Amino acid sequence: MELAILSPLAGDYLFVAKRNDSLSPAGRRAFLLSIAVISFAVALALGLHGAWFVLPFAGVEIVMLAVAFWIVERHAGDVETIRLSGHSVLLERRRAGRAERHEFNRAWARVEVCRGRGGKPALALRSHGKAVQFGDLLTEEQRLVVAGELIKRLGSK
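Residues numbered from 1 in each chain as written. Predicted model: local features only at pLDDT ≥ 70, side-chain atom pairs only at ≥ 80, totals over all residues. Heavy atoms only, no water.

(A) Summary view of the packing of helix 1 (residues 25-48) against helix 2 (residues 54-75). Where helix 1 meets helix 2, the axes come as close as 9 Å, and the angle between the chain directions of the two elements is 170°. Our classification of the angle between helix 1 and helix 2 gives roughly antiparallel. Taking contact as the criterion, the partners of Pro25, Arg28, Phe31, Leu32, Ile35, Ala36, Ser39, Phe40, Ala43, Leu44 and Leu46 in helix 1 are, on helix 2, Val54, Leu55, Ala58, Gly59, Glu61, Ile62, Leu65, Ala66, Phe69, Val72 and Glu73. Of the residues that constitute the contact of helix 1 with helix 2, the class distribution is 17 nonpolar, two polar and three charged. (Axes fitted to C-alpha atoms, helices over the stretch in contact; angles between N-to-C directions. Helix = DSSP H or I, 4+ residues; strand = E, 2+ residues; numbered from the N terminus. Parallel < 35°, antiparallel > 145°, perpendicular 65-115°, else oblique. Contact = heavy atoms within 4.5 Å. Nonpolar A, V, L, I, M, F, W, Y, C, P; charged D, E, K, R; others polar.)

What follows is the structure, encoded as structure tokens:
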């Protein structure tokens with residue numbers, strides 16, 4: 001995961017977390033196509049030598065790989081940003097094509113660090129009874145760094 005902490009102006013901060021995307025959509029399709037061609041070529045060669053039962057398994061393999069690549073494609077553009085500007089804290093997320101936006105008053109916003117699934121730290125912004133979890137795209141160490149920065153910037157306890 002990539003994490004950027006930007007400080008464009010005094011008092012304004014921007015935290016950006018996004019997934020690493022080592023292959024472009026075209027690169028993913030080309031890679032999947034090359035795997036499919038090789039798999040079907042091997043299965044066809046084995047099928048011609050009497051091992052015809054390999055062909056359906058090659059088909060299932062390619063379908064399962066295509067599903068995995070589709071899931072990766074859906075989440076390739078996932079991003080979380082937290083912007084501290086003036087009197088507001090703006091949390092924006094995009095996951096699987098769906099966008100969310102949450103705005104908090106900077107004076108009232110607090111960062112919570114709690115234990116999530118598997119005992120790993122989870123982060124949330126809380127204000128006036130509303131809590132929004134964030135940091136899903138970060139590693140455990142990055143979550144703690146972001147929590148420390150936000151606590152320092154917001155004056156959270």
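Next comes the rest of the account.
(B) A look at the side chain of serine 127. Within the secondary structure, serine 127 is located in strand 7 (residues 121-127). The exposure class assigned to serine 127 is buried, which follows from its relative accessible area of 7%. Once residues within four sequence positions are removed from consideration, serine 127 is found in contact with Phe104, Trp108 and Ala109. (Buried < 20%, exposed > 50% of the residue type's maximum accessible area, 1.4 Å probe, protein only.)

(C) Representation of the packing of aromatic side chains. Inspection of the entire model under this criterion finds two aromatic pairs. Look at phenylalanine 31 and phenylalanine 69: their rings are 6.0 Å apart centre to centre, the planes differ by 25°, and that puts the pair in the stacked class. Within this pair, whereas phenylalanine 31 is found in helix 1, its partner phenylalanine 69 is found in helix 2, the two being separated by 38 residues in sequence. The class of phenylalanine 31 is partly exposed, set by a relative accessible area of 43%. On the basis of relative accessible area, phenylalanine 69 is assigned to the buried category, the value being 19%. (Phe/Tyr/Trp six-rings, centres within 6.5 Å; stacked < 30°, edge-to-face > 60°.)

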